[in-house]
There are 2 protein chains.
Amino acid sequence: MTMSQSGGRRKPPTIHDVAREAGVSRGTVSRVLNGGHYVSPTAQEAVNAAIRRTGYVVNRHARSLITGRSDSIGFLLTEPQEKFFEDPNFNVLLRGCTQALAAHDIPLLLMLAGTEDERRRITRYITAGHVDGVLLVSSHSGDPVAEQLREAGVPLVMCGKPIGVGSKVSYVAADDRDGARDMVRHLVSLGRRRIGVVTGPLDTPGGVERLAGYREVLAESGIDFDERLVVSGDYSRASGEAGAERLLGQCPDVDAVFVASDLMAQGVLTSLERAGRRVPEDVSVGGFDDSSAALAARPQLTTIRQPYDRISAEMVRVLLAQIGGEDPAAVILPTELVKRQST
Amino acid sequence: MTMSQSGGRRKPPTIHDVAREAGVSRGTVSRVLNGGHYVSPTAQEAVNAAIRRTGYVVNRHARSLITGRSDSIGFLLTEPQEKFFEDPNFNVLLRGCTQALAAHDIPLLLMLAGTEDERRRITRYITAGHVDGVLLVSSHSGDPVAEQLREAGVPLVMCGKPIGVGSKVSYVAADDRDGARDMVRHLVSLGRRRIGVVTGPLDTPGGVERLAGYREVLAESGIDFDERLVVSGDYSRASGEAGAERLLGQCPDVDAVFVASDLMAQGVLTSLERAGRRVPEDVSVGGFDDSSAALAARPQLTTIRQPYDRISAEMVRVLLAQIGGEDPAAVILPTELVKRQST
DNA sequence: CTGAAAGCGCTTACAG
DNA sequence: CTGAAAGCGCTTACAG
């Protein structure tokens, strides 16, 4: 007979009820629950039937108390919430991580901590053991949250190379510098010589490394570096628009722009169009990321593909390994030049 | 002397360590932890000092095991992930709920369950007691998740009126029908007579109610209902664009369009522009939501304001009340016509 | 105001 | 393969 509990908060069945129902000890029920090792087929059968009849579902708090694990992972974003929604990269990353974890039957908890206050609350929540590990996404470096979690001994993998945290924390990143080199070489190969750059925030590795790649190619190509051709943004569309504005003002002869993110590149296109410059005829524009923004842009953006599917898969792999006791690790993944209409 | 534990997973201090350090019993420590009632100032002091010295932080699993609460709330979205990122309403709603809960020092866990598989996993996670209650956002009705959670006795508040679940589940919604009436009356007052409508999905209350409001005003204004003026979308920008396309094909004489969401209205504007119709000179366009999409649109949208800040605040209030033992409740909030350039 | 004790629901050596 | 028992870290009546 089914013990259907139609709504209401009746006391849910425990392992004890199942044991009684199945005519075995609680230890045996627990063994069935945890993989069925050292359990006779008969007992196995009886327990499973009892679980079905009682509608038993394990109390995770009790289990966690003893195992010390919560069997869930946190996806922590220490950015203002607008960023999260505006930037398509986060979307792809989140989806990739969710899927990679799904293969292990582990739920992903998304935690947004854009304010100081929220960061404090979430940090407390995490260090109290509510998740077994954290996938941390934060473009800005020197993020105190990373350091706090590391000190608390919480397994942690960052997306993108952290600045200043040393090699004590795991991270997965695309090869920013190499990607930037590919793009700028491409622009040079097109005959461009007055190549502007809209960088990311210069306190982030993505900002610094992509600019470094730009300078390297200029040097190897015998093109003088002109600092008036360098402006920086914060990865938002608006900052790209403003950056291009400045660029055009400082160097009207600019004939190409390497933009450190596709979203900013969209803004750059807007400014160029307003200024009456044709893309790619007058000015070539190269983006970075190959996010959905690259395809949504008009013209569609030539860009540097970050392998987000692999990045998220690697983040999960490294995190699970670390939870399993392995040491931190850094993973650098190659990028790829994707040619479209903007160059 | 400080027991700083520099990184590593040393066994964290327990309430027992604190008790020893403070020279009191574990019961007293617990009392301090839980509000400090029935504790002498002296003991209070000693315990707090001991907590600081040991770096103690409560083990939530142990606490949850005994209290039966997790002290966290889930924000569950049973929509494809793209929707979540594309639609600015979710952003505002999420932020509002986060803030409302912050006032109670309760962390919000965002759970995305766009696929059948994810829904199953998340439902199990929730019913296992990982959150005390759920704020459920799902535009589609007949969502089996809602029914499952209700049956499992999980406190639940939905955003928007659910179809078919009866009055057993709490919800907070704007007055869709009244909002629609306001908008269509506004269009009629402008002298428009061939008023098209792009509805939301017709298996959702927002879809049905806003259409009903449209029909009511037509009737009261003595305008014949023409079903060729009715097309429906799924709240995405693309569906608005396609809907307007169809509308123009079926009724070239359309002189106004009431669109059931601002995002869809953006798509409608795109189609109208492509067809060479001026807004608002040739065609008036009215949106719904007053989301960021309304301000981003060109021309800026006249729309119906949904009071999202109040909606999220009410959702949290009702949910906390329900967790506290109160019965489910429905809250309907008034909307407001906001006039801008599109009409 | 405070301590000793029971108990939340589970897992895991330990004997058999 | 299986049961009895200890114990995870905490809260909460219950006596005092």
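Residues numbered from 1 in each chain as written. Chains lettered and ligands numbered in written order. Predicted model: local features only at pLDDT ≥ 70, side-chain atom pairs only at ≥ 80, totals over all residues. Heavy atoms only, no water.

Taking 1.5 Å per residue as the helical rise, helix H7 (residues 116-130) of chain A with its 15 residues ought to reach 21 Å, and the 20 Å between its terminal C-alpha atoms agrees with that figure. All of the buried residues along H7 of chain A are Glu118, Arg119, Arg121, Ile122, Thr123, Tyr125, Ile126, Ala128 and His130 of chain A. (Helix = DSSP H or I, 4+ residues; strand = E, 2+ residues; numbered from the N terminus. Expected span 1.5 Å × (residues − 1). Buried < 20%, exposed > 50% of the residue type's maximum accessible area, 1.4 Å probe, protein only.)

In this section: the sheet that holds strand S8 (residues 256-259) of chain A. All names here are of chain A. Judged by pairing direction, the sheet is parallel, and its four strands sit side by side in the order S7-S6-S8-S9 without closing on themselves. Since the sheet does not close on itself, it has two edges, and those belong to strand S7 (230-232) and strand S9 (284-286), each with one partner. Mean inter-strand twist for the sheet, computed between neighbouring axes without regard to direction, equals 15°. As paired strands, strand S6 (residues 195-199) and S7 are joined by three bridges and run parallel to one another. When the sheet's bridge partners are listed, Val198 is paired in S7 with Val231. Packing against the sheet, helix H9 (residues 176-189) makes contact with S6, S8 and S9, and its axis sits at approximately 170° to S8. Docked against the sheet, helix H10 (residues 205-220) engages S6, S7 and S8, running at close to 170° with respect to S6. (Pairing = 2+ DSSP bridges. Axes fitted to C-alpha atoms, helices over the stretch in contact; angles between N-to-C directions. Contact = heavy atoms within 4.5 Å.)

To continue, consider the UniProt feature "domain: HTH lacI-type" (unreviewed entry) in chain A. The feature "domain: HTH lacI-type" (unreviewed entry), as annotated in UniProt, sits at residues 13-67 of chain A in this numbering. Its end C-alpha atoms 21 Å apart, residues 13-67 of chain A is made of 69% helix and 0% strand. (UniProt positions renumbered as here; feature names shortened; annotations may be inferred.)

Take the sheet that holds strand S7 (residues 230-232) of chain B next. All names here are of chain B. Here we have four strands laid out as an open sheet, ordered S7-S6-S8-S9, and parallel in their pairing. Looking at which strands have only one partner, the edges of the open sheet turn out to be S7 and strand S9 (284-286). If you compare each strand with its neighbour and ignore which way they point, the axes differ by 15° on average. Set on the sheet, helix H9 (residues 176-189) makes contact with strand S6 (195-199), strand S8 (256-259) and S9; between it and S8 the angle comes to about 170°. Lying over the sheet, helix H11 (residues 237-250) contacts S6, S7 and S8, oriented at roughly 155° with respect to S7.

Moving on to the protein's contact with DNA strand D. Within the structure, DNA strand D sits among 25 residues, and Arg31 and Ser40 of chain A together with Ile15, Tyr56 and Arg63 of chain B are positioned closest to it. Among all atoms of DNA strand D positioned within 4 Å of the protein, those belonging to sugar or phosphate total 63%. In this structure, Thr28 of chain A approaches DNA strand D through a side-chain N or O atom, which is 2.7 Å from a phosphate oxygen. Ala62 of chain B places a polar main-chain atom, nitrogen or oxygen, 3.5 Å from a base nitrogen of DNA strand D. Those elements that provide at least two residues to the surface near DNA strand D are helix H2 (26-33) and helix H4 (60-67) of chain A together with helix H2 (26-33) and helix H4 (60-67) of chain B. (Near = heavy atom within 4 Å. Polar contact = N/O pair within 3.5 Å; in protein donor to acceptor, adjacent residues only side chain to side chain.)

Taken together, the side chains of Ile163, Leu202 and Val208 of chain A make up a nonpolar region of the molecular surface, amounting to roughly 220 Å² of accessible area. Within the secondary structure, Leu202 of chain A sits in the loop between S6 and H10. (Patch = residues over 30% accessible without salt bridge, like charges linked within 9 Å, V, L, I, M, F, W, Y side chains within 5 Å. Areas by Shrake-Rupley, 256 points an atom, 1.4 Å probe, with all protein chains shown as cover. Salt bridge = Lys/Arg side-chain N within 4 Å of Asp/Glu carboxyl O.)

Moving on, we come to the interface of chain A and chain B. Taken together, the 44 residues of chain A in the interface contact 44 residues of chain B. Counting each side, the surface lost to burial between chain A and chain B is near 4,000 Å², with a carbon and sulfur contribution of 57%. It is His61, Phe85 and Arg121 of chain A in chain A that bury the most area against chain B; as a group they hold 18% of the surface buried on that side. Put simply, chain A and chain B have five residue pairs in polar contact (both at pLDDT 80 or more) between them. Contributions of two or more residues to the side of chain A that touches chain B are made by H4, helix H5 (81-86), helix H6 (88-102), strand S2 (108-112), H7 and helix H8 (144-151) of chain A. A class-by-class count of the residues in the side of chain A that touches chain B yields 20 nonpolar, 14 polar and 10 charged. (Buried area = accessible area lost by both parts, 1.4 Å probe. Nonpolar A, V, L, I, M, F, W, Y, C, P; charged D, E, K, R; others polar.)

On to the pairing of strand S4 (residues 156-159) of chain A. All names here are of chain A. The alternating pattern of S4 places Leu156 and Met158 on one face and Val157 and Cys159 on the opposite face, and all of these are buried. For strand S3 (residues 133-137) and S4, the ladder comprises four bridges, and the chain directions are parallel. Within S4, the position partnered with Leu136 by the bridge is Met158. Judged from the three bridges that link them, S4 and strand S5 (residues 170-174) form a sheet pairing that is parallel. Counted as the bridge partner of Cys159 is Val172 from S5.

Here the focus is the pattern of salt bridges. If the charged atoms of two oppositely charged side chains come close together, the side chains can form a pair. All names here are of chain A. Counting across every chain of the model gives 48 salt bridges over all chains. Here Arg53 makes a salt bridge to Glu21, at a shortest N to O gap of 2.7 Å. On the criterion of sequence distance, the pair formed by Arg53 in helix H3 (residues 41-54) and Glu21 in helix H1 (residues 15-22) is long-range, its members being 32 residues apart. The partly exposed category is assigned to Arg53, whose relative accessible area is 32%. Overlapping salt bridges, with partners in common, bring together Arg177, Asp178, Arg181, Glu209 and Glu216 in one network.

For the rest of this paragraph, the subject is the confidence of the model for chain A. Close inspection of predicted coordinates is inappropriate in any region flagged by low pLDDT. Averaged over every residue, the pLDDT of chain A is 89; residues scoring 70 or more account for 95%. Within the model, pLDDT remains below 50 along residues 1-9 of chain A, and this stretch shows 14 contacts once partners closer than five positions in the same chain are excluded. (pLDDT = per-residue confidence, 0-100.)

In the region of DNA strand C, 25 residues are neighbours, and Ile15, Tyr56 and Arg63 of chain A together with Arg31 and Ser40 of chain B sit closest. Among all atoms of DNA strand C positioned within 4 Å of the protein, those belonging to sugar or phosphate total 63%. Separating a phosphate oxygen of DNA strand C from a side-chain N or O atom of Tyr56 of chain A is a distance of 2.5 Å. Within the side chain of Arg31 of chain B, one N or O atom sits 2.6 Å away from a base oxygen of DNA strand C. Counting residues per element, the ones that place at least two in the surface near DNA strand C are H2 and H4 of chain A together with H2 and H4 of chain B.

Here we come to the relation of the copies chain A and chain B. Superposition of chain A onto chain B requires a rotation of 180° combined with a translation of 0.1 Å along the rotation axis, giving an RMSD of 0.1 Å. Expressed as a symmetry operation, the mapping of one chain copy onto the other fits a two-fold axis. Both copies contact each other with a shared surface, as 100% of the interface residues of chain A are interface residues in chain B too. (Least-squares fit on C-alpha atoms with pLDDT ≥ 70 in both.)

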